[in-house]
Structure formats: structure tokens, C-alpha cells
Amino acid sequence: MRSAALFAIPLAFALGSRPAQAAPPKAPPREAIEFFEKHVRPVFVEKCQSCHGPAKQRGGLRLDSQATLLKGGDSGAVVVPGQPEKSLLLRAVRHEGELKMPKEKLATTTIDALTAWVKMGAPWPASSGPAPAISAVAEARKNHWSFRPVVKGPTPAVQNASWARTPIDVFILARLEGKGLVPSSPADRRTVIRRAAFDLLGLPPSPEEVAEFVADERPDAYERLLDRLLASPAYGERWGRHWLDVARYADTRGYVFTAERRFPYSYTYRDYVVKALNDDLPYDQFVLHQLAADQLPLGEDRRPLAAMGFLTLGRRFLNNNHDVIDDRIDVVTRGLMGLTVSCARCHDHKFDPIPTRDYYSLYGVFASSIEPNELPLIVRPEQTAAVAAFEKELQARQAKVDALLRAQHAELLPRFRARAADYLLATRTEAKGEGLQPALVVRWRAYLAETRKKHHPVLAPWHAFAALPPAEFAAKAPAVAAGLGNGTSINLLVVRAFAGKAPTSLADAAKRYGELFGAAEKRWQEALKGSPGAKGLPNPDLEAIRQVLYGPGAPANVPAAEVERYLDRAMRNKLTPLRKRVDQWKATGSAPPRAMVLNDAPSPHNPRVFVRGSPGNQGVPVPRQFLEVLAGEKRKPFAKGSGRLELARAIATPDNPLTARVMVNRLWMHHFGQGLVRTPGNFGLRGEPPTHPELLDFLAATFVENGWSIKKMHRLIMLSATYQQASDEDAKREAVDPENLLLWRMNRRRLELEPLRDALLVAAGRLDRHAGGPGVEITKGPFPTRRSIYGFIDRQNLPGLFRTFDFASPDTSTPQRYATTVPQQALFLMNGPFVVEQAKAFAARPDVAGQGSDQARLQRMHLLAYGRPADAEEVELGLSFVRAGGPAPKAGGPKLSGWEQYAQVLLLANEFAFVD
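> Is there a simple way to explain the overall build of the chain in this structure?
In terms of regular secondary structure, the chain is built from 39 helices and 6 strands. When each of the 916 residues of the chain is scored for burial, the buried share is 52%. Relative to all contacts within the chain whose residues are 6 or more apart in sequence, the contacts with residues 24 or more apart total 68%. When the accessible surface of the chain is split by element, carbon and sulfur atoms take 54% of a total near 41100 Å².

In C-alpha cells:
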């Protein structure tokens, strides 16, 4: 592409590419279907269909299919696809008119999701029959391409074998010859080095680098170029940004009400990713670090702990732990294996062989993992005055938090123990003839009166304690008494409570327990004070009482470390501002870098299926284990702690047919613009099959054989003749393969936001190559000149510039960015203060402004912008433009000289923004 073409078209279209020829899709896009299944269908099932479903249709409205939704009810249509403002359903859920449904208003995030769904056209997948039965899992493992083992088959026979430089080319050529096509001619060397530099570094080559490569006649010149680019520190920054899309990286939590929004140590994850890629850390180890670095033998190097930001840097959903866990399941399964497992949260997956039980098996893994209050240091800092001042202020702020929690623990724990009889009774209220539901008015949780909530954190220990009916306790008393030598204190208390006499009723049993615990508490407090009342208490009894009241597993006890879970709203309102001051200081002070890790909880969570995704309606228990479709029917439950390390190893193994396929497809996608599988985040039954399945398996198998080396895979792909083709169009070949699925040419691609912005800074001679550290605001003046990967990412208030240039949403894992062409992109390059600033600096560069003649100055600018000299026509047009002073500036616009305007013209051109 030649920049001279710019002068023949309006500047407003300078970033335009070939006109899109898109027709309305016959079926909803996959992204829309995933959005519906994850955010909309569960709302209809849980909140709407009890009154507007198959059994009941209040107001004549039914909400269990697209047809009934669009039909509406007695009040007419309730949804107008694409027009939220005209949709009665949205007014009802917002409680804006007389009709307020449901009675308890939905959460704001839920209403926003429904609004977004209507705005995108209210997509609803066509009926596909019942969800896959568990018996279908084995069938899917056998028949679907992505679940079958990776097989490295022989390369096919081709006619034009001399064209092939690598086995990749043979696979590509076989498909081309099958369609009667031939590949394009090789690209020229200037094009190849620019393509390779942007692909691997996200930066343009310097004019000197281009000239050196063009003049290098050694047969291995290209291999040397690739080795040099792969060894550059800029490589990790370019490919690290690709990975951050997958990891839904952001520097803030999203909307969290009054809590501190910023993650104080988010940048440590980004810096880990950059370093890991530069070091060519084997991908299987890369995965293990991100899921379970806390459980690996790291030795003295604690830096891999920062990798766990992959799990902890997601959106916080107003601290709804169920949604946080769902987000972690999604980023792990979709990001690493291309499976939409989170669609099975409320029901068996509609398309893939993933039953809800498998979703909650993974739920148990992450529910058994907690974020520690004190994050581990990555590197112990030097004890400078700045570090000492930071630590002193941090300790002062944290002391106020700790004091409040200690006071609450000391105040509430006796009250909690005093209700022992009520809690015990609450565990047994479902027994026949016992309907007592005591009104437990304590400051722990007002809704403890809902005694059937067996898995409430307060009641759960009492269910374990009272697993047997009271009569059975008494019947077992003599045997228990005979075995007291093992120090089982709770058994001793059972014997003392019932003394061989069965209680006459459940209320009687609760009363006896209450009396026992009350007496024990009183006598224990007397013993602590050294009062006379404790003198007659035998030592074994005293120890037994101490254990049942204060022991780590006692049902009447709450560990001090967990007291925050039970605070009421009033106490939380006092705690939140104190904790926010701590987090603010960590985010703004000179905090030593820490890793945002997860640790295993003291006791693993034994998950149950949430019926229809509702935590208040728990179904059958399930073990923590891997997906059946990948592990088989004879899979074993995870046995070590939460199971995160076992999960990580199940993902990062050659036996998993998805992990290597997904990663090599992602690498291919970033080199060619499209993956061999064009749905890189969905390798399931509704994803597109690979265009070259044998090639995909060849790459996956080679990836594992080469030690999971990402850099070796880059080298293999980029050494191919397929990669080195020209991008020129050809009408005859395009008629056969208009989408270039068979890769008869290289795809021309537009730079994403980050390399485009970085290239502007390179042209201006202002790029700051400093690596790492906290993010900076790159969209506000005075504009930082650091690489774009170091820009601060505000999840809740993503800058308009990011959205305009199709930046990946940090709310969810993004396997592939959208590519749009909108006027705002050209307008930014024409009028944006940042671009104007770089244009001025470009024209003022010493190696530009210091040239001896206007023609030499113009040639230097072309070399810096495009890596090639200007041709005769461009020289003539450019000099005429500069000498005329350029067009008069618009009123209120920046006043630029002729050379500054010409610099901006070069930066506006397609040739600058596109890579051939």
C-alpha cells in the first residue's frame, strides 16, 4: 500500500479498509448465544418462569422460548428486539411504571445484562432438544474432533513440493491444490521485516534495520532476524498483551460500592507474564504457575506467585462470591481449553457434553480457595527510608482494622456460644412433630431464624455435630464412655448431657445441650479468672470443655480469622472505610510488590449442585474433580486440598487434547489474523471445526514435543512459505476462496490500539522503553510515552479511546478482539491531542529537521514512517504540500506548520496503520 493514495481520498477515510460485505446472520452470533446462556436464561428460569412458564402464564405471558417472548401477553409485546426503550419487560424489571416485576427488584447488574441483551436484538438460540445427557459424554469424546486425542499424522503428498519450506506448507499446499489454487508469490524483504517486527514486537523496524536486512545476502538472514526479534525484551510486551486479553486483565475491581476499586498489585501479574514469555517459560509450567503457584516448590524465587493474578484479577461483582467463582471457572476453561463450562451453571450445557455436576465440581475447587489478607512479598525490599515510612503508615491503618475485628470477636463470641441450644435445635426442625423455629435475634446474621438453611456458615458445624438423632446419641453413650481414653471431648459432653437417659423430645435435647454449654462457659470463665468456683473442676473435664468451646473444630466457636464473614451490615459499614484506607495506601504508596495469590482454605469445600443456579436451593453433593469429557468415567476426585494443583496438571498435560490445540491455534491467529479454528474461545460442538485439522494436530503435537516452547512455535510458523507470502489480492483465487480460508495469500491486517499508539511514539522518537511497574494513565495529558501495555486499565470506566479501537473488554476473557472500522478512529488520528503532539515531535526529530534539504527531510520521514523511501510522485506531492504551508487550520484547532501537517498526514495513512 502506498501513502500517495492518501492524497486522492478524503482524510476522514484514511483508516478505511475494504468495505465490509456483511449480511444479517441467520442465527445469533456465538458470542450472543453465550451471553444469553450465561446472563439471561438463568434470570428467566430463576426469577420469571414460576409465573410465566409452562405451568402458569400470568397475564398470558410465557417466557421460556423466543416465540412466546415475542408473542407477549395480555399487555401486548414485552420485548422489542434492538429497542430497550420500547420494551415493557425492561420497564417492569426497572420498576419504572405501575407494573413492577418481580416484586423484589433485580440487581442492577442483572438489569444491565437484560438491557444489553435486548439491545443486541434479544438473541435466543434455536431449540436444540434436551441438554446433553451424561451418557452423551462418552459419545462426544469419541466423535467430536476436539475431544479426540491429538494425532501427528503423515504430511500429505503434493505436486509443487519445491514451494514448501516447512511441513506447515505441505498441509496448506495440499488444500490449495485440492481446489486448483496456487499460493501467492513471496513478499519483498521490506514487507517481511515489517510484518515480522510488528508480529513479534508490536513495533516497527528502524530504517537502519530494514536496510541491513534487505542487504543481507546470507542464506540464513531471515532466521537470524527471527532469532534477534524473539530475543528482544519487547517480545514479551507484545505477546504479553495478547495473553492479558485472555486473562481479562484490569487494574481495578469494577463496581464495588464503597470499597477501594484499585488493585494495589495488579501490575505484578502483568510483569510476570511479560517476563515468562521473554524467558520462554514452557507453556505447561506457565499454566501451572497461574493456577497453583502457591502449591509448587518454588525455592527462594517467589516471583511465580504473581502468576496467580490470572485467577484473582477478575471483576468482583459487588463481592458476590458465586459470581467471582463463576468468572474464575470461565477464564480457566474458556481461556485455557476453549470450553464454555460456565454455561452449565444453571442447567446441563445446552450444546456441549458438560453436565451441571461437572460445573459444581470445579466450583468446589475455587470455593475451597481463599485470598489471604496478607499477600506474600515477591521480592523482599531494601529497608530504605521510603519503605520504612510506607510500612509505618500501613501498620497504623491496618491496626485500626484489626482492633475493630478483635473487639467484635470478643463481644460476639460469647453470644454465639450462648445460643448453642437454639442452633442445635435449628438443625433438627425438619424432624416429624417438631416445628419450633426460634427467633434468633443476634448480631451475627438476622436471617438465622431460617432454620432450614443447612449450609449457612453458622449452622453448618451444628449439622455435623448433630448428625445423629438425639436418641441414638444416648444409645451410643456407654460405648463412647468406654473409649474416652482417646480424648474425644465432644463424646464426653454427649455422655454428660444425656447420662444414659434418652431425651423425651427434640426440645428436651436442645435444652440439655444448652444447660451443658451454659455451665461449661461459666465454669471456664471462672477458671480463667482463678475464681474459687473453678477449684472443684476436674482437669479432664476442664480440657474437654475448653476444646468444645474454644477448639478449632468446635461448633460453638468461630475462628478469629473468620469473624468478618458473620458481621452484620452495621458493623460492615464501620469496617469498610477502615479497610478502604488500607487498600488506598497500598495502591498509592510506595508499596513493595506483592503477589495476588489464592491459598487453600483450612477445610476444603464439599460442593453441591445449585438447582437452577440458586445457592439457596442446593441439590446433590459432587466431588471436586476434572471434567468427565476430558478425564473419562473413571476419573478420580481431587485429593489434595482444594484440588487446584491437580486441576492445573489435568489441564497442562499432553493427554488433554484441548490445551495444546487451543494455544497453537491462538498463536496462529495472531500471526495470520484468523485461527485454524475461527472460534478460538469455543472448541465445543457449536464452535467452528478447523480449516486444516491435520495441520492443527501437527502443530499441537510439535508444540508438546518441543517442550511446550512458545518461541519455537513462532519460529516454525514464521519460517513457513505460507507466512512469507505477499498479501496482494487476486480476483480468480478470491472467487474460489473469498475468505482466504485456504491461505493462498497473507492477510492484510490493521494494527490494534497498542502497536498503533506505540508506533506513533516510535515515529516521534519518544517511546520510553522502561519496563514494568504500576500502570500509567495513557489517555490523559501530559501523555506518558511508555508502551501501551503499561497503560492503566480501569475496568469500570474504560476510556473511550480504548473502546473506539476495539480494545478487549476486561470484564471477561477475550479469545479474539473484534475489528471495526468507524469514523471515530480516523477522527482521533486527525484531531486527537496525543497524535498532534507526536506529529510535532516527528517533524522536529533531529534526524528529520537536521537534514540538509527538503527532499532529504521528506525521504527521512518516509523511511521512519513506512520503512521505505518515497517514490518520485510522493516526493513531488509532498514538497508541494509542505511549501504551500498545508491547509489552513480549522478555527480552534491546533496551529501546525507545513512540516508538522505533513508528519500528521504520514501518520494518518493506511500504510502506517496496516501491515501487509
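Further notes follow.
> Explain a nonpolar patch on the surface to me, please; I cannot follow it from the model alone.
Residues Tyr-255, Phe-257 and Leu-318 make up a contiguous nonpolar surface patch of about 350 Å² in total accessible area. Note that Tyr-255 resides in the loop between α10 (233-246) and α11 (266-278). For Tyr-255, a relative accessible area of 44% translates into the label partly exposed.

> Mind showing me how you'd approach the packing of α11 against helix α12 (residues 283-292) here?
Two quantities define a packed helix pair, namely the angle between the helix axes and the distance between the axes. Contact pair α11 / α12: the axes reach a minimum separation of 12 Å and the direction vectors enclose 165°. As judged from the angle between their axes, α11 and α12 are roughly antiparallel. Seen from above, α11 lies across α12 with right-handed handedness. Facing Tyr-269, Tyr-272, Val-273 and Ala-276 of α11, the residues of α12 in contact are Phe-286, His-289 and Gln-290.

> Looking at this model, I keep getting lost on the packing of aromatic side chains. Mind explaining?
For any pair of aromatic rings, the description consists of the separation of the ring centres together with the inter-plane angle of the planes. Per the counting criterion, the structure on display carries 27 aromatic pairs. With 5.3 Å between their ring centres and 45° between their planes, Trp-145 and Phe-683 make a pair best called tilted. Placement of the pair is Trp-145 in the loop between α5 (136-143) and α6 (167-178) and Phe-683 in the loop between α27 (659-672) and α28 (693-705), with a sequence separation of 538 residues. On the accessibility criterion, Trp-145 (14% relative accessible area) is buried. A residue is classified by how much of its surface remains accessible, and Phe-683, at 0% relative accessible area, is buried. Relative to Phe-672, the ring of Trp-668 lies with its centre 4.3 Å away and its plane at 20°, an arrangement referred to as stacked. Of the two residues, Trp-668 and Phe-672 are both situated in helix α27; the distance of 4 residues between them amounts to about one turn of the helix. Assigned by exposure class, Trp-668 and Phe-672 land together as buried. An aromatic cluster is present here, built from Trp-243, Tyr-272, Tyr-283, Phe-286, Phe-310, Phe-703 and Trp-708 joined pairwise through their rings.

> Could you clarify how one ought to interpret the pattern of salt bridges in this entry?
Pairing is possible between side chains that carry opposite charge, provided their charged atoms lie close to one another. Considering all chains together, one arrives at 45 salt bridges under this definition. Of the charged contacts, one joins Glu-752 and Arg-238 as a salt bridge, the two residues approaching to 3.3 Å between their closest N and O atoms. Of the two residues, Glu-752 is situated in the loop between β5 (749-750) and α31 (753-764) and Arg-238 in helix α10; the sequence distance between them amounts to 514 residues. In this structure Glu-752 comes out as partly exposed when scored by relative accessible area, which is 23%. A salt bridge links Asp-301 to Arg-303, with the nearest nitrogen and oxygen atoms 3.0 Å apart. Assessed through its relative accessible area of 38%, Arg-303 is described here as partly exposed. Where salt bridges share partners, they join Glu-208, Arg-845, Asp-847 and Arg-860 into one cluster.

> Looking at this structure, how should I read α31?
Structurally, the α-helix is built with 3.6 residues per turn, so residues lying three or four positions apart point the same way. Compared with an ideal rise of 1.5 Å per residue, which puts 12 residues at 16 Å, α31 spans 17 Å between its outermost C-alpha atoms and is within 8% of the ideal. For α31, a buried count of 11 out of 12 residues is recorded, marking the element as mostly surrounded by other parts of the structure. If you check which residues of α31 are buried, you get Leu-753, Glu-754, Pro-755, Leu-756, Arg-757, Asp-758, Ala-759, Leu-760, Leu-761, Ala-763 and Ala-764. Just past α31, the residue Gly-765 takes up positive phi, approximately 70°.

> Would you explain unusual backbone geometry in this entry?
Excluding glycine, residues mostly carry a negative phi; peptide bonds, for their part, are mostly trans. The omega torsion across Met-101 and Pro-102 is -15°, close enough to zero to call that bond cis. Between Gly-781 and the following residue, Pro-782, the backbone shows a cis peptide bond with an omega angle of -5°. With phi around 60°, His-95 is a residue other than glycine that occupies positive phi space. Mapped onto the secondary structure, His-95 falls in the loop between α3 (88-93) and α4 (108-119). On the accessibility criterion, His-95 (18% relative accessible area) is buried. Although it is not a glycine, Asn-740 adopts a positive phi angle of roughly 55°. Tracing the backbone through its elements, the reader meets Asn-740 in the loop between α30 (731-736) and β5.

> When you look at the packing of helix α33 (residues 823-831) against helix α38 (residues 898-908) in this model, what are you seeing that I'm missing?
Following both chains from N to C, one finds α33 and α38 inclined at 155°, their axes separated by 9 Å at the closest point. With respect to α38, the element α33 is oriented roughly antiparallel. When the axes of α33 and α38 are compared, the crossing they make is right-handed. Along the contact surface, α33 presents Ala-826, Leu-829, Met-830 and Asn-831, while α38 presents Gln-904, Leu-907 and Leu-908. Of the residues in the contact of α33 with α38, the class split is 5 nonpolar, 2 polar and no charged.

Cut-offs applied
Residues numbered from 1 in each chain as written. Predicted model: local features only at pLDDT ≥ 70, side-chain atom pairs only at ≥ 80, totals over all residues. Heavy atoms only, no water. Helix = DSSP H or I, 4+ residues; strand = E, 2+ residues; numbered from the N terminus. Buried < 20%, exposed > 50% of the residue type's maximum accessible area, 1.4 Å probe, protein only. Contact = heavy atoms within 4.5 Å. Areas by Shrake-Rupley, 256 points an atom, 1.4 Å probe, with all protein chains shown as cover. Patch = residues over 30% accessible without salt bridge, like charges linked within 9 Å, V, L, I, M, F, W, Y side chains within 5 Å. Salt bridge = Lys/Arg side-chain N within 4 Å of Asp/Glu carboxyl O. Axes fitted to C-alpha atoms, helices over the stretch in contact; angles between N-to-C directions. Parallel < 35°, antiparallel > 145°, perpendicular 65-115°, else oblique. Left-handed = near helix turned anticlockwise from the far one by under 90°. Phe/Tyr/Trp six-rings, centres within 6.5 Å; stacked < 30°, edge-to-face > 60°. Expected span 1.5 Å × (residues − 1). Nonpolar A, V, L, I, M, F, W, Y, C, P; charged D, E, K, R; others polar.

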